[in-house]
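Chain by chain, the residues run as shown.
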Amino acid sequence: MFAKTFWTAFIVALIHLPGGAYAHDYRVGDLIVYHPWVVQPPNGTSVASGLLTIENTGKISDRLVSVAIEVAGKVEIHSTVVSEGVAAMRTLKEGVEIPAGASVELHGSRHLMLMELKRPLLLDETLQGTLTFEKAGTLQVEFLVESLSMKNSHPGHRLKKTP
Amino acid sequence: MLPRTRAPVVALAAAVLGLIGLLGLSLWLGLKPLLQDQHLPVIIGGPFSLTNHRGERITEKTFLGKPTLYFFGFTHCPEVCPTSLMEMTGLLKELGPDANRINAVFVSLDPERDTKTLIATYLESFDSRIVGATGSAEEIADIARKFRVYYRKVEEGENYTIDHTATIYVMDREGGLAALIDYKEDQASALRKIKRLL
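Nothing here was measured: the structure is a model prediction, and the numbers come from that model.

A.B. asks: Please provide a residue-by-residue account of the overall build of chain A, values included.
C.D. replies: For chain A, the helix and strand inventory stands at 1 helix and 11 strands. Beginning at the N terminus, the succession of helices and strands in chain A can be written as α-β-β-β-β-β-β-β-β-β-β-β. Buried positions account for 46% of the 163 residues belonging to chain A. Partitioning the intrachain contacts of chain A with sequence separation of at least 6 by distance along the chain shows that 65% fall at a separation of at least 24.

A.B. asks: I'd like a description of the environment of Gly50(A), backed by residues and values.
C.D. replies: Residue and element names in this part refer to chain A. Of note, Gly50 is situated in strand β3 (residues 48-56). In the structure, Gly50 is positioned 61 residues away from His111 in sequence and 6.0 Å away in space, judged by C-alpha atoms. When residues no more than four places from it in sequence are discounted, the contact partners of Gly50 are Trp37, Val38, Leu106, His111, Leu112 and Leu114.

A.B. asks: Residues and numbers for the packing of aromatic side chains, please.
C.D. replies: Residue and element names in this part refer to chain B. Counted under the stated rule, the structure contains 10 aromatic pairs over all chains. The interplanar angle of 55° and the centroid separation of 5.4 Å between the aromatic rings of Phe72 and Phe147 together place this pair among those described as tilted. Here Phe72, found in strand β3 (residues 68-73), pairs with Phe147, found in the loop between α4 (137-146) and β6 (151-156); they are 75 residues apart in sequence, far enough to count as distant. Residue class for Phe72 comes out buried when judged on its relative accessible area of 1%.

About the criteria used
Residues numbered from 1 in each chain as written. Chains lettered and ligands numbered in written order. Predicted model: local features only at pLDDT ≥ 70, side-chain atom pairs only at ≥ 80, totals over all residues. Heavy atoms only, no water. Helix = DSSP H or I, 4+ residues; strand = E, 2+ residues; numbered from the N terminus. Buried < 20%, exposed > 50% of the residue type's maximum accessible area, 1.4 Å probe, protein only. Contact = heavy atoms within 4.5 Å. Phe/Tyr/Trp six-rings, centres within 6.5 Å; stacked < 30°, edge-to-face > 60°.

Here is the structure:
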């Protein structure tokens, strides 16, 4: 119990680190969604990746089944696996399970893929989004558009960087 | 002096022997390169011909004389390609003035969607020294084969994605493979691989 509280506090503290980007979180039922954001895509492309962390504080497993974001014609939940040097991306048609008591990062190998973007995304703008969970229902959130280099300063980032 | 009746037999035998010898020689000459091939090392890289993002024809010779980084990807790739190109941008920045002593090339594996104009726009988001390259489906298949790059189109509903090698190739001044940089490899380690060639 203590450990869990500690880690939750730790994650929350990380998100609120001074100098970090504007942090925000949302709740629905037993679920907490931390800092949904979209990586500003390179110019000219009509796809982007969306990242967030979902914590399930309850005793029953739930599942993120679909996501909608205003500027995207379509949003899919994806998994990218880089194995023996080859990157392969697949749609997770069943969504992502958020097990009871677990914190699930959609941040890297698993992420949201925004497709058919209707316009270029501006840094620091917010995009209206809707997350649909199997049990907890729908949740309105705002995705913040941040630069790719911000991936280094958010929890869950696996890129090693030299000081 | 041979009896007159045996002369044609000897001549025939000589002709047959000569023919067998000739056949053996041609067989040996034909097989020799094949046998030698088995002892050749696997060559990665080689001649290619593509179009850069400014519409100019480029070949392997364009990049000889400087160590060259090659990354193969596509612009409709939301995660791996922007991350790798951002890492390439980071490497060029870390190299400082030495970055001008190397080339960095992004080769599209999606000639269907990646026009030179789209690649030019896409690369505006990264270090301006990265050269974009595209070509016909055959030209892309040719360079991919020579670099042993794996790529395969995967249908995802009305869209498609491409499974592809996400390794950065580090080639030396002569165009030979010097090192490979893995996806999300530690930056310090990647820098060492490049600096070794400067």
